[in-house]
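In case you want the letters, here they are:
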Amino acid sequence: MNFKDLFKIAYRLISSPAKAWEEIIVSKKSAWWFVFSMMMMACFANFIGSAISSIASARDFNPLVWFNGALGVCCVPFFADFFGFFIASWLLRKADSGLFGHKSQNNQLSLLAGYSMTVVFVLQIIEGLINPIFQDFMLLKYILQFYIIYVVWEGVKVMHIASAKRYLSYTVVTSFIILVSVWVVGEMYSIAYTCLSVKFFK
């Protein structure tokens, strides 16, 4: 998957989710490669944003301190998205069979989780680039991330994962699992990184 296809899929999932899901199913592209590519873009955006912020605000520029801070910031989306994707896929399989009594294929649920995370990836990229300048974007991010509900809704309908009567409940549960999985892993990493930084860089 090249960058042109990557941007095309991400854009269509945001602007026209139904058509994007149809193309994804027809193309049979792996969710993992999409997640990995978008995840690396989010890491790069956060690294650049952190670097710019550190250089602009620091009176006495220290390369070691700068690199440590930038590396820590860019690793947040990496761990959050990497582990969040696998945890969300696993929880979706459990919810699909246990809560809804379905037997959906694992590939379908991985596609639903991975491509629905587009909303998360895009917000992480924007946050990484503009958050050093626009500090209030964090609040806006928490509001905009619920757009994932619409993306998941269209994905559930197109892939026929749930019956029409369960579209809403399946969408809400799936969206909740994805957002919470990414958030919990990201927070755990941030706490661990902060503790280690205090210990080794105090």
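What comes next is a walk through the structure. Worth saying up front: this structure is predicted, and the values here are computed from it rather than measured.

## Observations regarding the environment of Tyr11
- Here Tyr11 lies in helix H1 (residues 3-15).
- On the basis of relative accessible area, Tyr11 is assigned to the exposed category, the value being 60%.

## With respect to the nonpolar core
- Within the largest apolar cluster, 45 residues are counted, with the highest numbers of intra-cluster contacts made by Leu13, Trp21, Phe34, Met38, Leu112, Tyr115 and Tyr170.
- Sorting the residues of this core by element identifies H1, helix H2 (17-27), helix H3 (31-57), helix H4 (63-99), helix H5 (106-116), helix H6 (118-130), helix H8 (148-159) and helix H9 (167-200) as the ones contributing at least two each.
- Element by element, the count of residues in this core is highest for H3, at seven residues.

## Observations regarding the packing of H2 against H8
- Two elements in contact, H2 and H8, have axes separated by 9 Å at closest approach and are oriented at 50 degrees. Comparing the axis directions of H2 and H8 gives the class oblique. H2 and H8 meet at a crossing whose hand is right-handed. Contacts from Pro17, Ala18, Trp21, Glu22 and Ile25 of H2 reach H8 at Tyr150, Val151, Glu154, Gly155, Val158 and Met159.
- Split into classes, the residues belonging to the contact of H2 with H8 amount to eight nonpolar, one polar and two charged.

## Some thoughts on the state of the cysteines
- Under the defined criterion, the tally for this structure stands at zero disulfides.
- This cysteine, Cys74, is not joined by any disulfide, and Cys75 carries the nearest cysteine sulfur, 4.3 Å off.
- Look at Cys74 and you get buried, because its relative accessible area is 10%.

## Quick notes on the pattern of salt bridges
- Considering all chains together, one arrives at three salt bridges under this definition.
- For Glu127, the salt bridge identified is with Lys141, shortest N-O distance 2.8 Å. Placement of the pair is Glu127 in helix H6 and Lys141 in helix H7 (residues 137-144), with a sequence separation of 14 residues. For the pair shown, Glu127 and Lys141 are each scored as buried.
- Between Lys157 and Glu154 there is a salt bridge, with its nearest N and O atoms 3.9 Å apart. Linking Lys157 with Glu154, this pair stays in helix H8, spanning three residues, or about one helical turn.
- Taking relative accessible area as the criterion, Lys157 reaches 29% and is therefore assigned partly exposed.
- You can call Glu154 buried: its relative accessible area is 10%.

## A look at the packing of H1 against H2
- At a minimum axis separation of 6 Å, H1 and H2 run at an interaxial angle of 140 degrees. With respect to their mutual orientation, H1 and H2 come out oblique. Note on element contacts: H2 touches H1 through Pro17, Ala20, Trp21, Glu23 and Ile24, opposite Ile9, Arg12, Leu13, Ile14 and Ser15.
- Across the contact of H1 with H2, the residue classes tally to seven nonpolar, one polar and two charged.

## Points about the environment of Pro17
- Among the structural elements, Pro17 can be located in helix H2.
- For Pro17 and Ser116, which are 99 residues apart along the polypeptide, the C-alpha to C-alpha distance reads 9.3 Å.
- Apart from the residues within four sequence positions on either side, Pro17 is in contact with Arg12, Tyr147, Tyr150, Val151 and Glu154.

## Considering the packing of aromatic side chains
- Tallied over the full model, the rule gives 18 aromatic pairs.
- Centroid distance Phe34 to Tyr115: 4.5 Å. Interplanar angle 25 degrees. Geometry classified as stacked. Highlighted residues: Phe34 in helix H3 and Tyr115 in helix H5, separated in sequence by 81 residues. Both residues of the pair, Phe34 and Tyr115, count as buried.
- Ring centres of Phe78 and Phe82 lie 5.9 Å apart, and the angle between their planes is 10 degrees; this geometry places the pair in the stacked category.

Reading the values: rules and limits
- Residues numbered from 1 in each chain as written.
- Predicted model: local features only at pLDDT ≥ 70, side-chain atom pairs only at ≥ 80, totals over all residues.
- Heavy atoms only, no water.
- Helix = DSSP H or I, 4+ residues; strand = E, 2+ residues; numbered from the N terminus.
- Buried < 20%, exposed > 50% of the residue type's maximum accessible area, 1.4 Å probe, protein only.
- Core = buried A, V, L, I, M, F, W, Y, C linked by side-chain atoms within 4.5 Å.
- Axes fitted to C-alpha atoms, helices over the stretch in contact; angles between N-to-C directions.
- Parallel < 35°, antiparallel > 145°, perpendicular 65-115°, else oblique.
- Left-handed = near helix turned anticlockwise from the far one by under 90°.
- Contact = heavy atoms within 4.5 Å.
- Nonpolar A, V, L, I, M, F, W, Y, C, P; charged D, E, K, R; others polar.
- Disulfide = S-S within 2.5 Å.
- Salt bridge = Lys/Arg side-chain N within 4 Å of Asp/Glu carboxyl O.
- Phe/Tyr/Trp six-rings, centres within 6.5 Å; stacked < 30°, edge-to-face > 60°.

Taken by themselves, the reported measurements are silent on function.
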